[in-house]
Amino acid sequence: MSIIDNQYPNYINGDWVLGAKAQPNVNPSDVADVVGLYSQADVAQTEAAIDAAYDAFPAWSTSTIQRRFDILDAVGSAILARKDEFGRLLSREEGKPLAEGIGEAARAGYIFKFFAGEALRIEGQHLGSVRPGVDIDVTREPLGVIGMITPWNFPIAIPAWKIAPALAFGNCVVLKPADIVPGCAWEIAKLLHEAGLPKGVFNLVMGRGSVVGETIVNSPKVTAISFTGSVATGRSIGAKSFATGKKVQLEMGGKNPLVVLDDAALPVAVDVALNGSFFSTGQRCTASSRLIVTEGIHDKFVEALAEKLQALKIDHALKAGTEMGPAASEAQLEQDLNYVEIARQEGGKVVCGGERLNRDTEGFYLSPALITETAPAMRINREEVFGPVASVVRVKTYEEALAVANDTEFGLSSGICTSSLKYATHFKRHAQAGMVMINLPTAGVDYHVPFGGRKGSSYGPREQGRYAAEFYTTVKTTYQAAP
Ligand code: NDP
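The shown structure was predicted, so the numbers you read here are calculated from the model rather than taken from an experiment.

### Quick look at the UniProt feature "domain: Aldehyde dehydrogenase" (unreviewed entry) in the protein chain
Then, in step 1: This chain's UniProt record puts "domain: Aldehyde dehydrogenase" (unreviewed entry) on residues 21-477.
Then, in step 2: Secondary structure content for residues 21-477 is 41% helix and 21% strand, while the C-alpha to C-alpha distance between its ends is 47 Å.

### A word on the layout of surface pockets
Then, in step 1: Roughly 990 Å³ of internal volume is contained in the largest pocket.
Then, in step 2: Every residue lining the largest pocket is counted, 39 residues in all, and those nearest its centre are Trp152, Phe227, Gly229, Ser230 and Thr233.
Then, in step 3: Elements supplying a minimum of two residues to the lining of the largest pocket: helix H7 (209-218), strand E11 (224-228), helix H8 (231-243) and helix H11 (330-345).
Then, in step 4: Per-element accounting of the lining of the largest pocket gives the leading share, six residues, to H8.
Then, in step 5: Residue composition of the lining of the largest pocket, grouped by class: 17 nonpolar, 14 polar and eight charged.
Then, in step 6: Computed from the structure, the second largest pocket encloses a volume of approximately 380 Å³.
Then, in step 7: Every residue lining the second largest pocket is counted, 18 residues in all, and those nearest its centre are Arg107, Phe154, Arg284, Gly444 and Val445.
Then, in step 8: Listed by contribution, the elements that provide at least two residues to the lining of the second largest pocket are helix H4 (98-120) and helix H5 (157-168).
Then, in step 9: With four residues, H4 is the single largest residue contributor to the lining of the second largest pocket.
Then, in step 10: Within the lining of the second largest pocket, the residues separate by chemical class into eight nonpolar, five polar and five charged.

### With respect to the side chain of asparagine 381
Then, in step 1: Mapped onto the elements, asparagine 381 comes out in the loop between strand E16 (369-372) and strand E17 (389-395).
Then, in step 2: The class for asparagine 381 is buried, based on a relative accessible area of 1%.
Then, in step 3: Within the structure, the side chain of asparagine 381 is placed 2.8 Å from the backbone oxygen of alanine 375, a separation counted as a polar contact.
Then, in step 4: With sequence-adjacent residues up to four places away left out, asparagine 381 is seen in contact with Lys255, Arg290, Thr374, Ala375, Pro376, Ser391 and Val393.

### Structural notes on the site of the ligand
Then, in step 1: Thr150, Trp152, Gly209, Ser230 and Gln332 are the nearest of the 27 residues found near the ligand.
Then, in step 2: Glycine 209 places a main-chain nitrogen or oxygen 2.8 Å from an oxygen atom of the ligand.
Then, in step 3: A distance of 2.9 Å separates a nitrogen atom of the ligand from a polar atom in the backbone of methionine 252.
Then, in step 4: For the ligand, whose free accessible area comes to 850 Å², the fraction covered by protein is 85%.
Then, in step 5: Structurally, the ligand is housed in the largest pocket.
Then, in step 6: Those elements that place two or more of their residues in the shell around the ligand are H7, E11, H8 and H11.
Then, in step 7: Looking at which element gives the most residues to the shell around the ligand, the answer is H7, with three residues.
Then, in step 8: In the shell around the ligand, the residues fall into 10 nonpolar, 12 polar and five charged.

### Things to note about the sheet that holds strand E4 (residues 21-27)
Then, in step 1: Reading across the sheet, the three strands line up as E1-E5-E4 and stay open at both edges, with mixed pairing between neighbours. Looking at which strands have only one partner, the edges of the open sheet turn out to be strand E1 (7-8) and E4.
Then, in step 2: Inspection of the sheet shows E1 paired to strand E5 (residues 30-40) by two bridges, in the parallel sense. Counterpart to tyrosine 8 in the pairing with E5 is tyrosine 38.
Then, in step 3: Against the sheet, helix H3 (residues 83-94) engages E4 and E5, with an angle of about 105° to E5.

### A few points about unusual backbone geometry
For residues that are not glycine, phi is negative in most cases, and the peptide bond is trans in most cases.
Then, in step 1: Backbone geometry places glutamate 373, a non-glycine residue, at a positive phi of 60°.
Then, in step 2: Residue position: glutamate 373 is located in the loop between E16 and E17.
Then, in step 3: On the basis of relative accessible area, glutamate 373 is assigned to the partly exposed category, the value being 42%.
Then, in step 4: In this structure, phenylalanine 386 takes a positive phi of about 70° despite not being glycine.
Then, in step 5: Here phenylalanine 386 shows up in the loop between E16 and E17.

### As for the pairing of strand E12 (residues 247-251)
Then, in step 1: Taken across its five residues, E12 has four buried, putting it largely inside the fold.
Then, in step 2: For E11 and E12, the ladder comprises five bridges, and the chain directions are parallel. Among the inter-strand pairings, alanine 224 is bridged to a residue of E12, identified as lysine 247.
Then, in step 3: The parallel pair E11 and E12 is bridged by H8, and the resulting crossover is right-handed.
Then, in step 4: By the bridge criterion, two bridges tie E12 to strand E20 (residues 458-459) in an arrangement that is antiparallel. Within E20, the position partnered with leucine 250 by the bridge is tyrosine 459.

### A look at the packing of aromatic side chains
Then, in step 1: Under the definition given, this model contains 12 aromatic pairs.
Then, in step 2: Ring centres of tryptophan 152 and phenylalanine 386 lie 5.3 Å apart, and the angle between their planes is 80°; on these two criteria the pair is classed as edge-to-face. Residue tryptophan 152 is located in the loop between strand E8 (145-149) and H5, and its partner phenylalanine 386 is located in the loop between E16 and E17; the two are separated by 234 residues in the primary sequence.
Then, in step 3: Directly above the ring of phenylalanine 154 sits lysine 96, whose terminal nitrogen or CZ lies 3.8 Å from the centroid.

Rules and cut-offs
- Sequence order sets the numbering: in each chain, residues are counted from 1 along the sequence as written.
- Local features in this predicted model are restricted to residues whose pLDDT is 70 or higher, and side-chain atom pairs enter the listing and the counts only when it is 80 or higher, whereas totals over whole chains, interfaces and linings include all residues.
- Excluding hydrogens and water, the side-chain figures rest on all heavy atoms present in the structure.
- UniProt positions are given in the numbering used here, feature names are shortened, and annotations may be inferred rather than shown by experiment.
- Comment: elements are numbered from the N terminus, with helices defined as DSSP H or I runs of at least four residues and strands as E runs of at least two.
- The pocket and cavity definitions rest on a 1 Å grid over protein atoms only: a 1.4 Å probe that fits but cannot leave marks a cavity, an open set with protein on both sides within 12 Å along at least five of seven lines marks a pocket, and residues lining either have an atom within 4 Å of a point.
- Grid points are joined across faces, edges and corners, and a volume is the space filled by probe spheres set on the points.
- Each residue is assigned to one class: nonpolar for Ala, Val, Leu, Ile, Met, Phe, Trp, Tyr, Cys and Pro, charged for Asp, Glu, Lys and Arg, and polar for all the others, Gly among them.
- Each residue gets one of three labels from its accessible area relative to the maximum for its type: buried under 20%, exposed over 50%, partly exposed in between, using a 1.4 Å probe on protein chains only.
- Counted as a polar contact is a pair of N or O atoms within 3.5 Å, where, for protein atoms, one must be capable of donating a hydrogen and the other of accepting one, and residues adjacent in sequence contribute only when both atoms are in side chains.
- Any two residues whose heavy atoms approach within 4.5 Å are treated as being in contact.
- By convention in this text, a residue qualifies as near a molecule or strand provided that one of its non-hydrogen atoms is within 4 Å of it.
- Accessibility throughout is a Shrake-Rupley quantity obtained with a 1.4 Å probe, and a residue counts as covered only by protein chains that appear here.
- Whether a molecule sits in a cavity or pocket is decided by its atoms, more than half of which must lie within 2 Å of the grid points.
- Any two strands with at least two DSSP-identified bridges between them are counted as paired.
- As a rule, the C-alpha atoms of each element are fitted with a line to give its axis, helices using only the stretch in contact, and angles between N-to-C directions run from 0 to 180 degrees.
- By convention, orient the strands away from the viewer: a clockwise path from the first strand over the helix to the second makes the crossover right-handed.
- Paired rings are identified among Phe, Tyr and Trp, the last through its six-membered ring, by centres lying within 6.5 Å, and are further divided according to the angle between planes into stacked (under 30 degrees), edge-to-face (over 60) and tilted (the rest).
- Only when the NZ atom of a Lys or the CZ atom of an Arg is both within 6 Å of the ring centre and within 35 degrees of the ring normal do we say a charge sits over the ring.

What follows is the structure, encoded as C-alpha cells:
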C-alpha cells in the first residue's frame, strides 16, 4: 500500500515515507478539485534519499543490462497500458487538454522502452595504439547519483526522459518534481517500485525547490544534476554545481521565432503558429512566442490567426472539445497578463486576447493574446512569457527575418514557413538554434533524437535519443599491454 493516511508519500530507499508536511495538488481548471495531498520532504529526508542512492550505486552500476532492460521495459509497458489514466491525471494537475495529456503519457511510455533498448546497446571502442604491444579500450561508465529537478509543464515526459537514460546506463537517481505537479512523478516512482527496481536506486523527494532542490544541488554525494526550468534558477544551479564539481545539464527557456514568408501557404502557416504558439497554453519551452512575418503576407496572416484564436475553445482541460486549458497556476496567469500589459505600454497593439476568462469552474483561464506592431528590442520579444502570448514583428525580407530570428539570447527551437527550397535550406543552415522546424510548429518533438538548444537556452550535453549517453555516462580510456 503506497498511499498512507490519505497522503501520497515520498519514496526513499524503497520505502514510502510521509513528509514533514503535505501540500494539496490543485487542479488549475478547477481550484475546488484537489488531486491529492502530497508529501513535502525536509532537508533530512532529502539527505536520506541521497544517501540511499549513493549506497545503491555500487550494485546497480554493475547490474546486468538484461535486468535494466527488463525493469525499464516493464515500466514503459505499464505506462502505455495506462496512458489514458495517466493522461487524465496529468491534465488534472497541469491543465493541458486531455488529448495532449494522453499523448504526453504515451510518449513517456515510449521513452522508457527506447532507453530499455539503449541499456543493451551501451557502446565502447577498441583501438590500436601508436605504441607497439598496446591495446586501447574506450568504455562508458555510469556517473553515480544523478539529482533531477523538473518543471511543471511536462509532468510525465520530462521526468521520464531524465530517469530512463540515467537508470539504463547504471546511475542512481534522486528526483524532485515541480512542487505544483507531483502526481505523475509519483506514479512513475510506484511503477519503478512494482517493476522490482532495487531499493535506493530511484528516490522521489517532493517539495520546494528552495529546500529539496537546494539540498540536492549542494550535496557532495550527488555527482551530476539534470535540470529543466527557468533561466534564473538554471543559472544559479549551474553556478552551485560548478562550485561543488558536479556535471550539469540545464534546459532553460526559449524565445523561439517562427518566420512566415510571403510565399508560405497561408493555412499551413496559420495552423503552425496556432499550434506552436498557443497549444498547451503556450507553456512549452519550444513555443513560438515571436512570429516574424514578411510584409506581403503580414495582414492576411494576422487576420486569419486572430480569427482562429477567437474561435479557440478554452475551458476545463478534461471537458470534451477543449482546445486550450488554463494557465498552470495563478502566478503563471499573472505573469502572462502582466506581459500583455508590458507589450501594450511598449507600443504593441493587442489584436485579441490577453484577458482573464471565467468558466463554470474557477480556474486560471485567459484568452490567447496576439500582439502586433512590435519591435525586436521590446521586452515582449526578449523575455520568456511562458503563456499563450505571441508577438508579431513585421519585416521586409527573408534576410531581415533571419536576422531578427537570431537576435535573441536564446536558441532552443526556430521555425520557418515557406514554399521556397532556397530559403528553407538557408534557414536550416543559419538558424541559431538547437532544433529547426520547416513548415512545422516549433514545439512538438520526437523522443528518439536529441533535444536541446544553444546560447542561453541550454547548457551541457543534449537530452534524449542516443545523445543522452553523453550526459549520463563518463568515458574511460584503458591502455593494456598486449600479452
Ligand atoms: P523554476 O525554474 O523556478 O522551477 C523549475 C524547478 O526548479 C522546480 O522543480 C523548482 O521547484 C526548482 N527550483 C526552484 N528553485 C530552486 C533552487 N533554488 N534550487 C533547486 N531547485 C529549485 O520555474 P517555475 O516552475 O517556478 O516557473 C517559473 C518560470 O520559469 C515560468 O514562468 C517560465 O517562464 C519558466 N519555465 C520554463 C520552463 C522551460 O522548460 N523553459 C519550464 C518551467 C518554467 P519548485 O517547484 O518548488 O519551485
